Amino acid sequence: MAETTTDIVAKLWNLCHILRDDGITYHQYVSELTYLLFLKMAKETDAEKQLPKGFRWSNLESKEGVDQLNFYRELLLHLGTKGSDRVLAIFANATTALKVPRNLKKLVDAIDDLDWYSAKTEGLGDLYEGLLEKNASEKKSGAGQYFTPRPLIDSMVHLVKPQAGELVQDPAAGTGGFLIAADRYVKAATDDLAELTVKQQDFQIRQAFYGVELVQDTHRLALMNLMLHDIEAPIELGDTLSPLGERLAPADVILTNPPFGTKKGGGLPTRDDFTYRTSNKQLCFLQHVYRNLKPGGRAAIVLPDNVLFEENSGADIRRDLMDKADLHTILRLPTGIFYAQGVKTNVLFFTKGEKNKDKGNTKSTWIYDMRANMPSFGKRTAFTREAFAEFEAAFGSDPYGKSRRKDTGEEGRFRKFTREDIKARGDNLDIAWLRDDSAHDPDDLPEPADIADEIMENLRVAMTEMEALRRELEATS
Amino acid sequence: MTQELPKGWISAPLGEVAACDWGNTTLTKAAYVSNGFIAFSASGPDGFLPNYEQDCEGVVLSAIGARCGKCFLATGKWSAIKNTITIVPDGIPAVIAGFLFRYLNREDLWPKRGGGQPFIGLGDVRTLLAPIPPPKEQRRIVAKLEALNERSRRAKAALDAVPPLVEKFKQSVLAAAFRGDLTADWRAKLQGSEGRQSASIREPYIHEIDAPATWTQSSIGELCEIQGGSQPPKSTFIQKPRDGYVRLIQIRDYKSDKYATYIPRELARRFCTSTDIMIGRYGPPIFQILRGLAGAYNVALMKAVPNEARIEAEFLYYYLQHPQLRLFVEAGSQRTAGQDGVRKEELYSYPIFLPPKEEQTLIVQRIESMLHRHEEIKSTAEGARGAMAVLDRAILAKAFRGELVEQDPNDEPASVLLERIRAEREKANGKTSEKRAARRAQSKRGSKQVRGEAT
């Protein structure tokens, strides 16, 4: 009897919990699903030619017990080395954490019952994203750095308003959150692409959304995530800060959240088209973004505080950005919304200047402080899209930041700073004016682990500054 | 200055490289207006005046009072009022103000005169020897110091944030402990899933507390007895230990031994040991939970004696530190304008959800291991913070020994510049006294001052 997709999705969630008790983490579970879903999908969409004979869904499904588990292991190994590019991308270095044949059977049976076409529209994609989110919140996995909270993504997409026909890029794609949200936005505006011509639809499915991801494990999750949302465009496995990044097609829209942290062991990007060489990864990504936009293209990028105040190359890059692009809005995000507590981040919204206009594009920058005097988000106070309501209203409906805006003055959250104001501050964009008066309501206290993380973050900042101080001192004596 | 100066540097009295003079002694803070040009007093740039007397960069020295020796960098259009000395590089400046400011802004640099009201004499300022590098090198030094300062400032700010965060952490740990979060895994192994229960507290601080369903609802009064303190008349107090006397413990003794007080043994009524749980009855801050001293205790303290058959002493010790309970007690005491301090009956009525003894012990263990580590982190951060202050001073010292930036042999040495200044001054010397008199007359009327030269 055919179950509805909803039932199957519920089953898969349930299985997830059962397997968790057996020690299977969210990360491992979502990876298992990736492999199995790919095989099933290939069958359903008549795309099994990319898989070597004997290593396809029916081969797996028809086996039983220990045989099935052993075959599964062999299949993963085999497909990781033979098959089309797409197959290799999914199965490279794939291993299974399943130890009990019964569990594999449950998974295979549940997926076998999936009606692929309705599954995609009826929640399979959501399930997948839901698992990714759970994965991200498991601190030990460190997977949080590849996952941007959905409310933040949705808000950024809502403000930037990607349109059908535009090239949308994420050079630090992670698990594909931004690209999927942008696709969702376009579909909602075009009656699920029905209002477009066939050619335009093809563009949306095959070309519009593209990006790069560095880490293999994450890359395969991104591929599957996109596939489940009917996006066939390529995500390259590689390093945007290498020559690969130079070859990316210029974009109409760039939405991204580059990974936090410094490049391990220092080191400069290996591409050499950057004007400003620095080992600070976020500053490098920023350079990539404003250089890789088409003239008139727009971007929204999540960056930590140090990008706003780092001196030397940081200041140079900020000046370059404000020359080549109109940095119209900065949103200071609350702490506590990312996996890494205490990390202070911002969203920079900017528009690349028109062709041949690469000086003086920024006349003024509006800054919205959503950091001071906010509730502590975390397990006890959910972080939802609601939190952005005031900001979105203040930002206005123009995706280029040109709506009429109101400066709320020193007591308010939204203020305008002219280019001269910023220059007078040494081109330091780390601007705050609200006093943080948040008293500690015991009901509002974050979890101990979250505060511990914030303490660590402060110590880390102190260490970073002291190390830099030391280097500056040594540079002379 | 006895150490050797780097090549190109020269040591010169301040009076030779800058115009040193008293600030305008006729201006006081009474002349301040709400908007205008910045004005410096001995406390710093703390007001505005309708006119300005200086239109250049300079250093303002606090010359009289508690903060004498502190310097401020003045730029743009400004004035200095009574009790200050202005040090303004003049003519062809041999020193840039920013460099001078960083050199001079050290309170231990200045010879201070006077007793009750310390001051710095103008003569001392003019004769103070300063190391003068070539001007180009001065700029490099200032730029370097600014960069280092930024880093140092951010490191210090990050470190300063740590102790309050550790406090917050402690509160969060306690809240989590008494919600049952810290031992959720332990209970899960024993009993699988569990429900919750809660109690609502009304006046004077409305809130809810919740706990696992398996814990027993009780109240503080059922689980411990609060015993007040006692003290004899003040006339019997002495400050040094003596035979036949015992320590009388007061709240402030938990912070410092400076106020140790002793009373005759036979007049002492209420005693505590160093492991007893003590409560500060009055504040601020009210309801401190204290431990660690032995002796007789006074009426500002109360002892909480646990019913050890039901509640572990350590568990009670931490429960009493629950942030919600403190707010509850505070709210209660505020109603009587703090006169009564902690109200015993109200405290007795406050609910406790009590876990089984074994779980109490486990909770205490987990609280302590988390807090212990974080106390260490706090000390480390405070230590690092102190070290940063020392580092800042060391960097300055290095700068003024010429070791912070490289010397450039192409820089024109400072001595050459000084010679030129001396020559200029000798030329202008004849006109100086006239100019000074004219300047004084003008400034009395509060109008713009002509920059003159020091003698």
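Scroll up a little and you will see the structure.
Cut-offs applied
- Residues numbered from 1 in each chain as written.
- Chains lettered and ligands numbered in written order.
- Predicted model: local features only at pLDDT ≥ 70, side-chain atom pairs only at ≥ 80, totals over all residues.
- Heavy atoms only, no water.
- Helix = DSSP H or I, 4+ residues; strand = E, 2+ residues; numbered from the N terminus.
- Rg over C-alpha atoms; globule rule 2.2 N^0.38 Å.
- Buried < 20%, exposed > 50% of the residue type's maximum accessible area, 1.4 Å probe, protein only.
- Areas by Shrake-Rupley, 256 points an atom, 1.4 Å probe, with all protein chains shown as cover.
- Lys, Arg positive; Asp, Glu negative; His and termini not counted.
- Charge placed at Lys NZ, Arg CZ, Asp CG, Glu CD.
- Expected span 1.5 Å × (residues − 1).
- Pairing = 2+ DSSP bridges.
- Contact = heavy atoms within 4.5 Å.
- Buried area = accessible area lost by both parts, 1.4 Å probe.
- Salt bridge = Lys/Arg side-chain N within 4 Å of Asp/Glu carboxyl O.
- Polar contact = N/O pair within 3.5 Å; in protein donor to acceptor, adjacent residues only side chain to side chain.
- Nonpolar A, V, L, I, M, F, W, Y, C, P; charged D, E, K, R; others polar.
- Patch = residues over 30% accessible without salt bridge, like charges linked within 9 Å, V, L, I, M, F, W, Y side chains within 5 Å.
- Axes fitted to C-alpha atoms, helices over the stretch in contact; angles between N-to-C directions.
- Parallel < 35°, antiparallel > 145°, perpendicular 65-115°, else oblique.

**Observations concerning the overall build of chain A**
Now for step 1: The secondary structure content of chain A amounts to 18 helices and nine strands.
Now for step 2: For a compact globule of 477 residues, the expected C-alpha radius of gyration is about 23 Å, and chain A comes in at 24 Å, within 12% of that figure.
Now for step 3: Over its C-alpha atoms, taken along the principal directions, chain A stretches across nearly 70 × 55 × 50 Å.
Now for step 4: Taking all 477 residues of chain A together, 56% fall into the buried category.
Now for step 5: Put simply, chain A shows about 20700 Å² of open surface, and 49% of that area lies on carbon and sulfur atoms.
Now for step 6: The averaged location of the 75 negative side-chain charges in chain A is 4 Å from the averaged location of its 63 positive side-chain charges.

**Digging into helix α11 (residues 216-228) of chain A**
The periodicity of an α-helix, 3.6 residues per turn, causes residues three or four places apart in sequence to face the same way.
All names here are of chain A.
Now for step 1: Here α11 contains 13 residues, and its C-alpha end-to-end distance of 18 Å stays within 8% of the 18 Å for a straight helix at 1.5 Å per residue.
Now for step 2: Buried residues of α11: T218, H219, R220, L221, A222, L223, M224, N225, L226, M227 and L228, and no others.
Now for step 3: In the stretch just after α11, D230 is the one whose phi turns positive, near 65°.

**Focus: the environment of A10 of chain A**
Now for step 1: Here A10 of chain A is to be found in helix α1 (residues 5-21).
Now for step 2: Taking the C-alpha atoms as reference, A10 of chain A lies 10.0 Å from L124 of chain A; in sequence the two are 114 residues apart.

**Some thoughts on the sheet that holds strand β19 (residues 289-290) of chain B**
All names here are of chain B.
Now for step 1: With antiparallel pairing, the four strands of this open sheet are ordered in space as β14-β21-β18-β19. Edge strands, defined here as strands with exactly one partner in the open sheet, are β14 (224-228) and β19.
Now for step 2: As defined by bridge partners, β14 adjoins strand β21 (residues 301-306) across five bridges and the pair is classed as antiparallel. Among the inter-strand pairings, Q227 is bridged to a residue of β21, identified as K303.

**So, the interface of chain B and chain A**
Now for step 1: On the chain A side, the residues contacting the 37 residues of chain B number 28 residues.
Now for step 2: In total, about 3000 Å² of surface goes out of reach between chain B and chain A, with carbon and sulfur atoms giving 67% of it.
Now for step 3: Three residues stand out in chain B for area buried against chain A, namely R151, R154 and K168 of chain B, and they jointly supply 23% of the buried area on that side.
Now for step 4: Put simply, chain B and chain A have five salt bridges between them.
Now for step 5: Between E465 of chain A and R154 of chain B there is a salt bridge; the shortest N-O distance is 3.1 Å.
Now for step 6: Where chain B packs against chain A, one counts four residue pairs in polar contact (both at pLDDT 80 or more).
Now for step 7: For the side of chain B that touches chain A, the secondary structure elements donating two or more residues are α4 (135-179), α8 (323-334) and α10 (357-400) of chain B.
Now for step 8: Per-element tally for the side of chain B that touches chain A: the top contributor is α4 of chain B, with 21 residues.
Now for step 9: Of the residues contributing to the side of chain B that touches chain A, the split by class is 22 nonpolar, five polar and 10 charged.

**Things to note about a negative patch on the surface**
Residues and elements named next belong to chain B.
Now for step 1: A grouping of E167, E375, E376 and E382 is seen on the molecular surface, where their side chains present a negatively charged patch.
Now for step 2: Examining the composition of the negative patch, we find that three residues originate from one element, α10, more than from any other.
Now for step 3: With respect to the element layout, E167 can be found in helix α4.
Now for step 4: A relative accessible area of 36% means that E167 is categorised as partly exposed.

**Focus: the packing of helix α5 (residues 184-191) of chain B against α10 of chain B**
All names here are of chain B.
Now for step 1: It is the contact of α5 with α10, at a shortest axis distance of 10 Å, that shows an interaxial angle of 150°. When the axes of α5 and α10 are compared, the pair comes out roughly antiparallel. For the pair α5 and α10, the contacting residues are D185, W186 and R187 in the first and E358, E359, L362 and R366 in the second.

**A short note on the pairing of strand β18 (residues 277-280) of chain B**
Residue and element names in this part refer to chain B.
Now for step 1: With burial as the criterion, each face of β18 is covered, one bearing I277 and I279 and the other bearing M278 and G280.
Now for step 2: The pairing of β18 with β21 spans four bridges and is antiparallel. Residue pairing for β21: I279 is matched across the bridge by M302.
Now for step 3: Taken together, the two bridges between β18 and β19 define a ladder with antiparallel strand orientation.

**Brief notes about the environment of W186 of chain B**
All names here are of chain B.
Now for step 1: Along the chain, the position of W186 falls in helix α5.
Now for step 2: Along the backbone, W186 and T275 are 89 residues apart, and their C-alpha atoms lie at a distance of 28 Å.
Now for step 3: Ignoring anything within four residues of it in the chain, the contact list for W186 reads E358, E359 and L362.

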